[in-house]
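Coordinates in review
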Amino acid sequence: MRKVEDRGGPAQPLLIVNGLSKHFPLKKPLLDRSPRRVVRAVDDISFTLPKGGTLGVVGESGCGKSTTARLLMHLVDPDRGDVIFDGEKVGAHDGMTVRAMRRQMQMVFQDSYASLNPRLTILETIAFGPVTHGTQPRAAREQAADLLARVGLDPVQFQRRYPHELSGGQRQRVNIARALALGPRLLILDEAVSALDKSVEAQVLNLLAELKEQFDLTYLFISHDLNVVHYISDEVMVMYLGKVVEIGPVEVIYGDARHPYTRALLASRPSMDPDVKTREAPIVGDPPNPIDPPSGCRFRTRCTFAEEVCARLEPPLVEGAAADHRVACHMNDPASGHSRTRLAA
Amino acid sequence: MTTLLSVRDLHVRFVGRDRTVHAVNGISYDLAAGEVLGILGESGSGKSVTLRAILGLLPPRRTRYAGSVLFEGQELLGLSDRAFSRLRGKSIAMIFQEPATSFDPVYTIGRQIAEAVMRHEGVTETAALARARELLELVRIPSAAERLKAYPHEMSGGMRQRAMIALALSCRPKLLLADEPTTALDATVQIQVLLLLAQLQKDLGLGVIFVTHDVGVAVEVSSRLAVMYAGRVVETGPLADVVRRPVHPYTQGLLASTVHGSMRGRRLDAIPGAPPALSSAPVGCSFAPRCRFAAAECDATPPEHRFGSGRMARCVLAAERAAA
């Protein structure tokens, strides 16, 4: 496997994302003259991912977490914003091409079956990427067999099988091997363990931890499962309707969250203790439609603490409990004019 | 307490031209009126099939049943379609995982609920619509009167699931079968629906069988827990006992591999391998191939070991472990 060398040095973040946005325009009826409506799927998000780290991304459906992954991979072209990979801007004249970026950034999807070609054996699937990028077919197949062994599938037994002959857990192992075949440095795991049974999920999480060590990987781990994100992440980014509402070290987010949405999300986890059943739902209602999101703070329609300022002004990300902890809530910004700014702390 | 439902040695087999699947391989349990039994299991464990078997919702030509399902003393296996349709939605109601596909997209929510009420209670449409409105209020759908006129696609996932609960409760059933009703919902919505179900269960004294793959969800709703593996109940008992002191190696493995934050940085104690394909009827313990305690005696069907207050574990080690 060709491994791209570390260009920027250990202190250079592997990924810097700056002001990334994607708005999807909606179709409108033929004679409708009102302005065209847009889904603001991802709206001005920024984050930094250090080398060797794992950033967990959580949020409910429609919050833009999957769109963010697709924008990073350029499966969908961003409207605005910069992606800087190991110090080089992706898609810029003096930076890195999208093709070069994709060798270093690979993705594993939720649906293990839909993301494999049903007409290729799993060995062919894993070798396909490297061959496309110029590896000799024979060398690519040898490397694919080696990768199968590394993800815990015996090559002799499995290499000639087709995706439909494997279980869900085995297929997801193949998808991980396929993603690793190009020797990437960043793996985007978009709900990669969500469809698996709990006993199999635990196996795959162990595998991901092993591979991270072996291949020196950095993970962007997207999931709706707050317990799994707690387990695997170093840092956590919480999204709501296309916005980052809170981002910080995992222990701060799970121990000292400052945004009412993050707190509600964490309190919504079912109890594991038969004596401490949940008595009251932390928030009411469903996440609103990302078409025409609420003005100001997008969470205000479900927030117990919403005030006039929340409708008027969009809260900026300000410092929270620690230097590397950021929160987008007026209650954390003493200058905002919200009456509860001190109560939040 | 009176027994509402009694399942005895239920077997469900799907026969096809090429292969047979032994989905349920001899399960027995009782449900008392007003009790919530959580059935916990992974995909293919037969947990949904047992629910569908109770209501006769499995494809009739390909399904073979054995055993007995008694509801208030009446045998349900082999009941005619006509007899079943008098029962379904009336005495026994069911809610499903995907509310979007459980409603007819071309009728309003109000009309669909009213239809069930008219059919089972023989009231006028006006009375049925009034009842539908009451039901939407009962499941706490805001502005219920307007929501009666909404089509399923006009509602969010959480609202649709509430509407489905309203539909299920429309004819005052005694038994509610819930097949992963909150799995497709977002976290903040899931907890609202779970709490709503728990409240309604208590208020209406419903017997509920709640099928889920999520330990946390089972803990929130159940009073008793049954853990299924490969078409058999491997362990059952009062919720707190099973969760705190599991006896069967599978239950232990399932609880140990359910990730939570305090496990950070540690390797997870995962169960190796995958559940068996059920193309032949299991001989011996189905979990033995994945079990670290497996021994020669596991080749024979493990006995049901009963102990404690209403506990059972189907494992050769159960007696020894329960005593420990």
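It should be noted that the structure appears before, not after, this text.
Position numbers for residues start from 1 in each chain and track the written sequence from start to end. Following the order in which they are written, the chains are lettered starting with A and the ligands numbered starting with 1. Only residues with pLDDT of at least 70 get local features here, since the model is predicted, and only at 80 or more are side-chain atom pairs given and counted; chain-wide, interface and lining totals rely on the full set of residues. Excluding hydrogens and water, the side-chain figures rest on all heavy atoms present in the structure.

1. Focus on the nonpolar core
Condition: Joining through side-chain atoms within 4.5 Å is the link that ties buried Ala, Val, Leu, Ile, Met, Phe, Trp, Tyr and Cys residues into a set, and such a set is a nonpolar core. Relative accessibility thresholds used throughout: buried, under 20% of the residue-type maximum; exposed, over 50%; partly exposed, between the two (1.4 Å probe, protein chains only). Each helix is a run of H or I in the DSSP string that is no shorter than four residues. Each strand is a run of E no shorter than two, and both are numbered from the N terminus. What makes two residues a contact is simply this: any of their non-hydrogen atoms within 4.5 Å.
Ile176(A), Leu205(A), Leu208(A), Leu211(A) and Phe221(A) are the most contacted members of the largest nonpolar core, which has 65 residues in total. Per-element tally for this core: the top contributor is helix α7 (residues 198–215) of chain A, with eight residues. Aside from chain neighbours lying at most four places away, what touches Phe221(A) is Thr54(A), Leu55(A), Gly56(A), Val57(A), Leu189(A), Val193(A), Leu205(A), Leu208(A), Val228(A), Val229(A) and Ile232(A). Residues Phe103(B), Ala163(B), Leu176(B) and Leu197(B) belong to the second largest nonpolar core, which totals 36 residues.

2. A word on helix α10 (residues 260–267) of chain A
For α10(A), the tally of buried residues reaches six of eight residues, placing the bulk of the element in the interior. For α10(A), the set of buried residues is Pro260(A), Tyr261(A), Thr262(A), Ala264(A), Leu265(A) and Leu266(A).

3. Thoughts on helix α11 (residues 249–256) of chain B
Taken together, the buried positions of α11(B) are Pro249(B), Tyr250(B), Thr251(B), Gly253(B) and Leu254(B). Those residues of α11(B) hidden inside the fold are in contact with α7 of chain A together with β3 (36–40), β9 (224–229), β10 (232–238), α10 (239–244) and α12 (318–323) of chain B.

4. Digging into the interface of chain A and chain B
In plain terms, the rule: Buried area, as used here, totals the accessible surface that two parts lose on assembly, with accessibility defined by a 1.4 Å probe and the loss added over both. Salt-bridge detection follows one rule: a side-chain nitrogen of Lys or Arg within 4 Å of a carboxyl oxygen of Asp or Glu.
Counting from both sides, the interface comprises 42 residues of chain A and, opposite them, 43 residues of chain B. Taken over both partners, the interface formed by chain A and chain B buries close to 3400 Å², and the fraction arising from carbon and sulfur atoms is 55%. On the chain A side of the interface with chain B, the three residues burying the most area are Lys198(A), Tyr231(A) and Met272(A), jointly 19% of the side's total. Our count for the chain A to chain B interface comes out at four salt bridges.

5. With respect to the sheet that holds strand β5 (residues 88–89) of chain A
All names here are of chain A. Put simply, the rule is: Strand pairing follows a simple DSSP-based rule, namely that at least 2 bridges must link the two strands.
Here we have four strands laid out as an open sheet, ordered β2-β1-β4-β5, and antiparallel in their pairing. Two strands close off the open sheet at either side, each with one partner strand: β2 (38–49) and β5. In this sheet, β5 lies alongside strand β4 (residues 80–85) in antiparallel orientation, the contact comprising two bridges. In the sheet register, Ile84 faces β5, and the bridge partner there is Lys89.

6. Some remarks on the packing of aromatic side chains
All names here are of chain B. The condition is simple: Two rings from Phe, Tyr or Trp (for Trp, the six-membered ring) form a pair when their centres sit within 6.5 Å of each other. Planes less than 30 degrees apart are called stacked, planes more than 60 degrees apart edge-to-face, and all others tilted. In our convention, an over-ring charge means Lys NZ or Arg CZ found within 6 Å of a ring centre and within 35 degrees of that ring's normal.
Summed over the entire model, instances satisfying the criterion amount to six aromatic pairs over all chains. Taken together, a centroid distance of 5.3 Å and an interplanar angle of 65° make the contact between Tyr250 and Phe287 edge-to-face. Remark: Phe287 occurs in the loop between α11 and β11 (304–307) and Tyr250 occurs in helix α11; sequence separation between them is 37 residues. In this structure Phe287 comes out as buried when scored by relative accessible area, which is 4%. Taking the ring centre of Phe293 as reference, the NZ or CZ of Arg321 above it sits at 4.5 Å.

7. Some thoughts on the sheet that holds strand β5 (residues 74–75) of chain B
Residue and element names in this part refer to chain B. A sheet is described by the order of its strands in space; here four strands give the open sequence β2-β1-β4-β5, paired in antiparallel fashion. With one partner strand each, in any of the chains shown, β2 (20–32) and β5 form the two edges of the open sheet. The sheet contact formed by strand β1 (residues 3–15) and strand β4 (residues 63–71) spans eight bridges and is antiparallel. By the bridge assignment, Val7 is partnered in β4 with Val69.

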